[in-house]
Amino acid sequence: MFNIILFGPPGSGKGTQSEKLVMKYRLKHLSTGDILRSEIYEQTALGMEAKKLMDKGFLVPDEVVIGMISSLLDANPKAHGFLFDGFPRTSAQAEALDKLLQLKKTSISVMLALKVGEEELVKRLLKRGQTSGRPDDNNDSVIRERILEYHKKTTPVADHYKKENKAIMVNGEGSVDEIFKALCKEIESRINEIL
Ligand code: B4P
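Since we're looking at a predicted model, the values are computed, not measured.

Engineer: Describe helix α3 (residues 45-54), and please don't skip the residues or the numbers.
Structural biologist: Every buried residue of α3 is listed here: Gly47, Ala50 and Met54. Burial along α3 is one-sided: seen end-on, the buried residues are contained in an arc of 65°. Looking at the buried side of α3, the elements it contacts are α2 (32-41).

This is how it looks when you write it as structure tokens:
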């Protein structure tokens, strides 16, 4: 199995690049942000609780997202690889993911981290907010809160995979196609090492 984590701050292009990567490498796309937004859309109890936090730019509790990922791993026994988009976002989530994958006799193959400057992130998210209807993209201070959460809670996740020599930094500024090519180059050098 080839399992990728696409990592980076809010607005770095995780969702955008994931769509292209899962098509090219036929991976199962697991985006915790998309799953939470679909729970909100369906107005489930989990969705309503998550919405209160997401609208303020805060992370949803670890046990909620770990539970969601665990069910989705079980629901896709035939997948030949997963692309984790927006997960793990805390050290506890990273440790839980390692254990879940170990149970399936697999592991993370590579973590690709998109690097984008803060002002570019804010600009992209405010622009998306004009059309997406996402409350967390509409307001400059909520966007900055999301970036702060990322620095406080999510950056340690990169260290977790750096220790295992699995983290690769990729420039996330430039055209979508240029960034996609850079990601594919890194994936292909790793796939060749693993296969
Ligand atoms: P997510 O849904 O994961 O997404 P995101 O942070 O908004 O960013 P993403 O990186 O995917 O967006 P993209 O750049 O593609 O999270 C939303 C919220 O859900 C979190 O704040 C949190 O509350 C909650 N959550 C999710 N997962 C969680 C977890 N594991 N634990 C706890 N809470 C969790 O897109 C941004 C914009 O940039 C788009 O408009 C795109 O078109 C544009 N763009 C992309 N690439 C570009 C480029 N190269 N140049 C210019 N613009 C570009």
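Engineer: I'd love a proper account of the pattern of salt bridges, names of residues and values included.
Structural biologist: Tallied over the full model, the rule gives 19 salt bridges. One salt bridge in this structure joins Lys24 and Glu188, with 3.8 Å as the shortest N-O distance. Taken together, the positions of Lys24 in helix α1 (residues 14-25) and Glu188 in helix α8 (residues 176-194) put the pair 164 residues apart, joining distant regions of the chain. Glu49 is paired through a salt bridge with Lys52; the nearest N and O atoms lie 2.9 Å apart. One end of the pair, Glu49, and the other, Lys52, are both in helix α3, three residues apart, so they sit about a helical turn from each other. Connected through salt bridges with shared partners, the residues Arg128, Arg134, Asp136, Asp137 and Arg146 form a single ionic network.

Engineer: Could you give me a rundown of the site of the ligand, with the residues and numbers involved?
Structural biologist: Looking at the ligand, there are 30 residues lining it, with Gly13, Thr32, Phe58, Arg128 and Arg146 nearest. Here Val60 contributes a backbone N or O atom positioned 3.1 Å from a nitrogen atom of the ligand. Gly86 has a polar backbone atom sitting 3.1 Å from a nitrogen atom of the ligand. Look at the ligand: alone it shows 1,000 Å² of surface, and the protein chains cover 87% of it. At the level of secondary structure, the elements contributing two or more residues to the shell around the ligand comprise α1, α2, α6 (118-132) and α8.

Engineer: Describe the environment of Met1, naming the residues involved and giving the relevant values.
Structural biologist: Mapping Met1 onto the fold places it in the segment before β1 (4-7). Overall, the relative accessible area of 44% leaves Met1 in the partly exposed class. Distance from Met1 to Ile69, taken between C-alpha atoms, is 17 Å for residues 68 residues apart in sequence. Those residues in contact with Met1 that sit more than four places away from it in its chain are Ala79, His80, Gly81, Phe82, Thr106 and Ser109.

What counts, and at which threshold
Residues numbered from 1 in each chain as written. Predicted model: local features only at pLDDT ≥ 70, side-chain atom pairs only at ≥ 80, totals over all residues. Heavy atoms only, no water. Buried < 20%, exposed > 50% of the residue type's maximum accessible area, 1.4 Å probe, protein only. Helix = DSSP H or I, 4+ residues; strand = E, 2+ residues; numbered from the N terminus. Arc of directions from axis to C-beta. Contact = heavy atoms within 4.5 Å. Salt bridge = Lys/Arg side-chain N within 4 Å of Asp/Glu carboxyl O. Near = heavy atom within 4 Å. Polar contact = N/O pair within 3.5 Å; in protein donor to acceptor, adjacent residues only side chain to side chain. Areas by Shrake-Rupley, 256 points an atom, 1.4 Å probe, with all protein chains shown as cover.

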